[in-house]
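Spelled out from the first residue to the last, the chains are:
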Amino acid sequence: VLGDVVAVVSAAGRGLRLSEATPKAFVQLAGKTLLRRTVDALSAVGDVGLIVLVVPQEMLAQVTAEFGDGALAVSGGVERTHSVRLGMHAALGVVPDAKYVLVHDAARVLTPPQLVRDVVAALRGGAEAVVPVLPLVDTIKTVDANGMVTGTPDRSSLRAVQTPQGFRVEVLRRAHAAELVATDDAGLVESMGVAVHTVLGDPMAFKITTPLDLRLAQTLLERP
Ligand code: CTP
Ligand code: MG
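Source: prediction; values computed, not measured.

1. Observations regarding empty space enclosed by the protein
Part 1 of the reasoning: Scanning all chains against the criterion turns up 1 cavity of 30 Å³ or more.
Part 2 of the reasoning: Volume-wise, the largest cavity comes out at about 30 Å³.
Part 3 of the reasoning: Taken together, Thr38, Ala41, Leu42, His104, Arg108, Thr111 and Val116 make up the lining of the largest cavity.
Part 4 of the reasoning: Per element, the largest residue contribution to the lining of the largest cavity is 3 residues, and it comes from helix α1 (residues 34-43).

Okay, structure coming up:
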């Protein structure tokens, strides 16, 4: 069924680690903003009925004018969790009978449409929550407050998590009703005891976080 999927794009962060003059989602990358690139990529996935853009309050008027009917813009909150919560409520206000919600970082501009389809397919297959994951390339250490190594977790059971993360609407709604904060939405869902499925992520879905990531994205767009 087309249009039973809504997407919330979290784009309300400042981008402190990128240290550009504008908030990260509004930084230009090869002639388009990160936000525009992410919206275009999501729109290329036929399944997504409504896209909600959660943006910094001072960008709201500009984004509303720019995207018009293509997306609904709302202003975000202090933490990413708050932004997602606000976006989810806005999305369900417009499409109250949506079955599935995708939560996606604006900063993952090169996310292949196929990854989005894989997440949606897992939801349609019955998963209540789905996250794309990749094996880690580096060995991970735990350290104490003094920077001394306290352990080396078994890398084979660790995964790096990407977005889009997908949820049955009721599951994400319940997760956010608890008013908790987590670095990702699946974290909230896990703490409710709901099984979170994984699909294989894609290296191209990397998050633009640092200036090096921006240069990588530039290079990939110039020479795919
Ligand atoms: N985000 C958001 N609302 C916040 C914080 C973050 O919508 N209050 C969004 C960002 O815009 C980004 C995504 O969540 O698309 C992932 O967050 P991150 O990469 O940490 O972006 P920023 O928080 O903007 O960057 P930084 O942490 O370096 O300041
Ligand atoms: Mg952040």
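2. Topic: helix α5 (residues 169-177)
Part 1 of the reasoning: Burial in α5 covers these residues: Val169, Val171, Leu172, Ala175 and His176. The arc that holds the buried residues of α5, viewed along the axis, is 165 degrees, so those residues lie on one side.
Part 2 of the reasoning: Phi turns positive one or two residues past the end of α5, at Glu179, with a value near 60 degrees.

3. Regarding the site of ligand 1
Part 1 of the reasoning: Neighbouring residues of ligand 1: 18 residues in total, closest Ser10, Gly15, Leu16, Ser83 and Lys207.
Part 2 of the reasoning: Between Arg14 and ligand 1, the recorded distance is 3.2 Å, taken from a backbone N or O atom to an oxygen atom.
Part 3 of the reasoning: Coverage of ligand 1 by the protein chains reaches 87% of its 560 Å² of free accessible surface.
Part 4 of the reasoning: In a pocket analysis with a 2 Å cut-off to the grid points, ligand 1 is assigned to the largest pocket.
Part 5 of the reasoning: Residues of the shell around ligand 1, tallied by class, amount to 6 nonpolar, 5 polar and 7 charged.

4. Here we look at the layout of surface pockets
Part 1 of the reasoning: In this model, the largest pocket occupies a volume close to 840 Å³.
Part 2 of the reasoning: In this structure, the largest pocket is lined by 35 residues; those nearest its centre are Gly13, Arg14, Arg17, Lys24 and Arg80.
Part 3 of the reasoning: Broken down by element, the lining of the largest pocket gets its largest block of residues, 3 residues, from helix α3 (residues 80-94).
Part 4 of the reasoning: Of the residues that constitute the lining of the largest pocket, the class distribution is 13 nonpolar, 13 polar and 9 charged.
Part 5 of the reasoning: Put simply, the second largest pocket is a space of about 280 Å³.
Part 6 of the reasoning: What lines the second largest pocket is simply Arg108, Leu134, Pro135, Leu136, Val137, Asp138, Ile140, Ala160, Val161, Gln162, Pro203 and Phe206.
Part 7 of the reasoning: If you list the elements that add at least two residues to the lining of the second largest pocket, you get β7 (129-135) and β10 (159-161).
Part 8 of the reasoning: Across the lining of the second largest pocket, the residue classes tally to 9 nonpolar, 1 polar and 2 charged.

5. Notes on the pairing of β7
Part 1 of the reasoning: Within β7, 6 of the 7 residues are buried, which leaves it mostly tucked inside the rest of the structure.
Part 2 of the reasoning: Pairing of β7 with strand β11 (residues 165-168), which is carried by 2 bridges, proceeds in the antiparallel orientation. Across the sheet, residue Ala129 finds its bridge partner in β11, namely Phe167.
Part 3 of the reasoning: Summarising the sheet, β7 and β10 pair through 3 bridges and their orientation is antiparallel. Counted as the bridge partner of Val133 is Val161 from β10.

Rules used throughout
- Residues numbered from 1 in each chain as written.
- Chains lettered and ligands numbered in written order.
- Predicted model: local features only at pLDDT ≥ 70, side-chain atom pairs only at ≥ 80, totals over all residues.
- Heavy atoms only, no water.
- 1 Å grid on protein atoms, 1.4 Å probe; cavity = no way out; pocket = protein on both sides within 12 Å on 5 of 7 lines; lining within 4 Å.
- Points joined across faces, edges and corners; volume = space filled by probe spheres on them.
- Helix = DSSP H or I, 4+ residues; strand = E, 2+ residues; numbered from the N terminus.
- Buried < 20%, exposed > 50% of the residue type's maximum accessible area, 1.4 Å probe, protein only.
- Arc of directions from axis to C-beta.
- Near = heavy atom within 4 Å.
- Polar contact = N/O pair within 3.5 Å; in protein donor to acceptor, adjacent residues only side chain to side chain.
- Areas by Shrake-Rupley, 256 points an atom, 1.4 Å probe, with all protein chains shown as cover.
- Sits in = over half its atoms within 2 Å of the grid points.
- Nonpolar A, V, L, I, M, F, W, Y, C, P; charged D, E, K, R; others polar.
- Pairing = 2+ DSSP bridges.

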